[in-house]
Amino acid sequence: MNQNNRFSSEVEELAKGISRTSEFIRLMIYYRCAIMEIQTKLNVLNAELSLQYDRNPFESIESRLKSPESIVEKMVRRGIPITVEDMELEMTDIAGIRVICSFQEDLYSLADLLVEQDDVLLISRKDYIAHPKPNGYRSLHLLLDIPIFLYRGKRHMKVEVQFRTIAMDFWASVDHKLKYKKTLREPEKVAAKLKICADTLAQMDAEMEEIRRTIDAEEDMTE
């Protein structure tokens, strides 16, 4: 058995063990509740803003919990003790939400309105739209602290929320799939082409934004 296989087997066994504990199961329920809290807030904003601007600021919301294997693998690689307590303390991306918008302007407005709510605490903000990653990845990442209300009281949970346009999400989805192709003969050329595609889609986003503003301005003049 090679080193990679041994590592995978170790992670699998550790993940199986911790995922069966009542503490882990309870923590995952708490994260699901936190996701529901954020989704409810976003859906309320979507409904209100759709009345005000006659369009929905976002197209869809997706959510996910990292699998036990993914959580444990990351903890092992970072040297974090494999305990539920350290999991909640050290891991910030166990609960995730992805918000897909048509326009960048709506994306930023929605993110700002969410953070401004008095029970939402912004832990960190990473703007990969204004400052894309070297490979072309674009997205707005917010790490939020959100309270959930349990029968034994209030508990604060961390949720990562990503905001993307449809074009950004399409590129990220394709890039993610291609990363798992281990047999590429010229990965550098593929990466360069993906970067060009990312830049092209970013330009398209900007042009679509300009078209929307032009249409909105003309509608305002006719009212």
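Here, the structure is the one placed above.
First, a word on what this report is: a plain description of the structure on this page. (Residues numbered from 1 in each chain as written. Predicted model: local features only at pLDDT ≥ 70, side-chain atom pairs only at ≥ 80, totals over all residues. Heavy atoms only, no water.)

Remarks on the side chain of E88
Along the polypeptide, E88 turns up in helix α4 (residues 84-90). Side-chain polar atoms of E88 contact the side chain of R155, separated by 2.7 Å. If near-sequence neighbours (up to four positions away) are discounted, E88 is found in contact with L27, Y31, R155, H156, M157 and K158. (Helix = DSSP H or I, 4+ residues; strand = E, 2+ residues; numbered from the N terminus. Polar contact = N/O pair within 3.5 Å; in protein donor to acceptor, adjacent residues only side chain to side chain. Contact = heavy atoms within 4.5 Å.)

Overview of the sheet that holds strand β1 (residues 60-65)
The strands that make up a sheet are held in pairs by hydrogen bonds between backbone atoms, and each pair lies either parallel or antiparallel. The 5 strands are arranged β1-β2-β5-β4-β3 in an open sheet whose pairing can be described as mixed. Edge positions in the sheet fall to β1 and β3 (121-127), since each has one partner strand and no second. Neighbour-to-neighbour, the strand axes of the sheet open up by a mean angle of 25 degrees, direction not taken into account. Inspection of the sheet shows β1 paired to strand β2 (residues 95-101) by 6 bridges, in the antiparallel sense. Counted as the bridge partner of S63 is I97 from β2. With respect to the sheet, helix α6 (residues 166-179) is in contact with β2 and β5 (153-165), its orientation differing from that of β5 by roughly 95 degrees. (Pairing = 2+ DSSP bridges. Axes fitted to C-alpha atoms, helices over the stretch in contact; angles between N-to-C directions.)

What to know about the packing of aromatic side chains
For any pair of aromatic rings, the description consists of the separation of the ring centres together with the inter-plane angle of the planes. Enumeration according to the criterion identifies 1 aromatic pair in this entry. Centroid distance Y128 to Y137: 5.9 Å. Interplanar angle 65 degrees. Geometry classified as edge-to-face. We note K133 situated over the ring of Y128; from NZ or CZ to the ring centre the distance is 4.8 Å. For K133, the ring lying beneath its charged end belongs to Y137, and the centroid distance is 5.0 Å. (Phe/Tyr/Trp six-rings, centres within 6.5 Å; stacked < 30°, edge-to-face > 60°. Lys NZ or Arg CZ within 6 Å of the ring centre and 35° of its normal.)

Let's talk about the pairing of strand β4 (residues 140-150)
For β4, the buried fraction is high: 9 of the 11 residues fall into the buried class. Pairing geometry for β4 and β5, over 11 bridges, is antiparallel. Looking across to β5, one finds that L143 is bridged to E160. If you look at the hairpin formed by β4 and β5, you'll find 2 residues sitting between the two strands. (Buried < 20%, exposed > 50% of the residue type's maximum accessible area, 1.4 Å probe, protein only.)

Focus: the nonpolar core
If you look at the biggest cluster of nonpolar residues, it comprises 43 residues, and the most contacted ones within it are I38, L42, M87, V99, L110 and F163. Among the elements of the structure, α1 (3-19), α2 (22-53), α3 (68-78), α4, β2, α5 (104-115), β4 and β5 are those that each provide at least two residues to this core. If you look at the next biggest cluster of nonpolar residues, it comprises 8 residues, including Y128, W171, L194 and A198. (Core = buried A, V, L, I, M, F, W, Y, C linked by side-chain atoms within 4.5 Å.)

Some points on the environment of Q104
Locating Q104 in the fold gives a position in helix α5. Note: C-alpha distance between Q104 and P132 (28 residues apart in sequence) is 14 Å. With near-sequence residues (within four places) excluded, Q104 lies in contact with I129, T165, M168, D205 and E209.

In short, the description is geometric, and any link to function would need to be established separately.
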